[in-house]
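# Architecture at a glance
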Amino acid sequence: MIDTEENEDSSNERINDLSYSIEIKNLKKYFKGKRGMEDVKAVDGISFHVEKGEVFGLLGTNGAGKTTTINILTGILLPTEGTAFVDGYNVESEMKKVKEMISVCPQEPALYKFLSGLGNIKFFGNMYLMPKEKIIERGEELLKLLGLYDARNRLTRGYSGGMKRQLSLIISLINEPDILFLDEPTVGLDPRNRRKVWDFLKSQKDQKNTIILTTHYIEEAEALCDRVAIMDYGQIIAMGPPKELINEHQVKNLEEVFMKITGRSILEGI
Ligand SMILES: Nc1ncnc2c1ncn2[C@@H]1O[C@H](COP(=O)(O)OP(=O)(O)OP(=O)(O)O)[C@@H](O)[C@H]1O
Ligand SMILES: [Mg+2]
């Protein structure tokens, strides 16, 4: 028998929901295995959506597929299968539109080492075609807020790892993006500077920006994220508000949620 209800549904089905900031459907990214090795299933059929104004965390061990997911959403990689939309735009066919509203703080800071901190900020602000005064005003405000103001005129080749990361975060925030992707934004920051980043991100939340954040810091996810997706071997093994996941699994924190589901520690290999 033909399932008429399903047929009717599919004929009226919308491809994507425009009220979502991000929508991902059965997304896969496989990397070809070298010399007869099996393909690496970096992302293996994940689906989720992120509401506008939400802070959404991707958690997981090294190699779980977090950066690959972000790279697909920001146009660095094409998916092997499945679809993804950013603010309703398809990441494969409408990336130009996607790029107008996003900003990325990549896992590896990409800076010009022969420019100062402020010089890098000006360079990237210019790329976004921001007015010069606006770049300086916003740049100096962020440098002060995130604790890098005193080093603003030093060449970044002399910056420490943590300072490079702080600057990379500032650059990703310079154009006040609607949707912000932060790939491990606080790795290598000391507790005081990490706290500054958290406070700043919380203040962004009040402004209704959408933030997609990957992190290994369980406290960071619990403090900042409205919802998290826990990834393992390219798949989502749990998703929801941190408190709900913790209650549902009757444990004390998200690390224990991961442990309960997989029998392993999320901090292994870090
Ligand atoms: N360009 C590539 N070619 C081949 N394999 C890749 C490539 N990029 C990623 N991978 C593999 O895909 C898997 C997922 O990597 P990914 O960088 O997405 O993990 P991650 O969750 O961000 O990890 P981490 O916490 O260490 O940053 C890993 O097994 C990785 O080795
Ligand atoms: Mg990563």
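Before reading further, recall that the structure is shown in the block above.
One structure accompanies this document, and this report is about it. Everything numeric in this text was worked out from a predicted model, so none of it was measured.

## Brief notes about the overall build of the chain
Each helix and strand in the chain was counted, giving 10 helices and 10 strands. Its C-alpha radius of gyration of 20 Å places the chain within 12% of the 18 Å reference for a compact globule of 270 residues. Seen through its C-alpha atoms, the chain measures out along the principal axes to roughly 70 × 45 × 40 Å. Put simply, the chain has 270 residues, and 39% of those count as buried. For the chain, the proportion of contacts with a sequence separation of at least 24, taken over those separated by at least 6, is 65%.

## Describing helix α6 (residues 161-173)
In an α-helix, one full turn covers 3.6 residues, which means residues spaced three or four apart are oriented alike. Between its terminal C-alpha atoms α6 stretches 19 Å, which fits the 18 Å expected from 13 residues at 1.5 Å a residue. With respect to burial, α6 is a largely interior element, 11 of its 13 residues being buried. As for α6, its buried residues are in contact with β6 (102-105), α4 (117-127), α5 (132-145), β7 (179-183) and α7 (191-206).

## Structural notes on the sheet that holds strand β1 (residues 20-31)
The sheet built from four strands is open, its strands ordered β2-β1-β4-β5 with antiparallel pairing. At either end of the open sheet lies a strand with only one pairing partner, and these are β2 (40-51) and β5 (89-90). Where β1 lies against strand β4 (residues 81-86), five bridges are found, and the strand directions are antiparallel. Across the sheet, lysine 25 pairs through a bridge with threonine 83, a residue of β4.

## Points about the nonpolar core
The biggest cluster of nonpolar side chains holds 65 residues, and the ones touching the most others in it are Ile170, Phe181, Ile212 and Ile230. Ranked by residues supplied to this core, first place goes to α6 with six residues. Among all residues touching isoleucine 212, those that are not within four sequence positions of it are Ile22, Val50, Phe56, Leu58, Ile70 and Phe181.

## Observations concerning the sheet that holds strand β9 (residues 227-232)
The strand order β6-β7-β8-β3-β9-β10 describes an open sheet built from six strands, whose pairing is mixed. Lying at the two open borders of the sheet, with one neighbouring strand each, are β6 and β10 (235-240). Strand after strand, the sheet turns through a mean of 15° between neighbouring axes, direction not considered. In the sheet, β9 pairs with β10 via five bridges, with the strands oriented antiparallel. Its bridge partner being in β10, alanine 229 is matched across the sheet by methionine 239.

## Quick notes on the site of ligand 1
Near ligand 1 you find Phe31, Val40, Ala42, Gly60, Asn62, Gly63, Ala64, Gly65, Lys66, Thr67, Thr68 and Gln107, and these make up its full shell. Of the residues assigned to the shell around ligand 1, the class counts are four nonpolar, seven polar and one charged.

The rules behind the values
- Residues numbered from 1 in each chain as written.
- Chains lettered and ligands numbered in written order.
- Predicted model: local features only at pLDDT ≥ 70, side-chain atom pairs only at ≥ 80, totals over all residues.
- Helix = DSSP H or I, 4+ residues; strand = E, 2+ residues; numbered from the N terminus.
- Rg over C-alpha atoms; globule rule 2.2 N^0.38 Å.
- Buried ≥ 20, exposed ≤ 12 C-beta atoms within 10 Å, placed from the backbone.
- Contact = placed C-beta atoms within 7 Å.
- Expected span 1.5 Å × (residues − 1).
- Pairing = 2+ DSSP bridges.
- Core = buried A, V, L, I, M, F, W, Y, C linked by C-beta atoms within 7 Å.
- Axes fitted to C-alpha atoms, helices over the stretch in contact; angles between N-to-C directions.
- Near = placed C-beta within 6 Å.
- Nonpolar A, V, L, I, M, F, W, Y, C, P; charged D, E, K, R; others polar.

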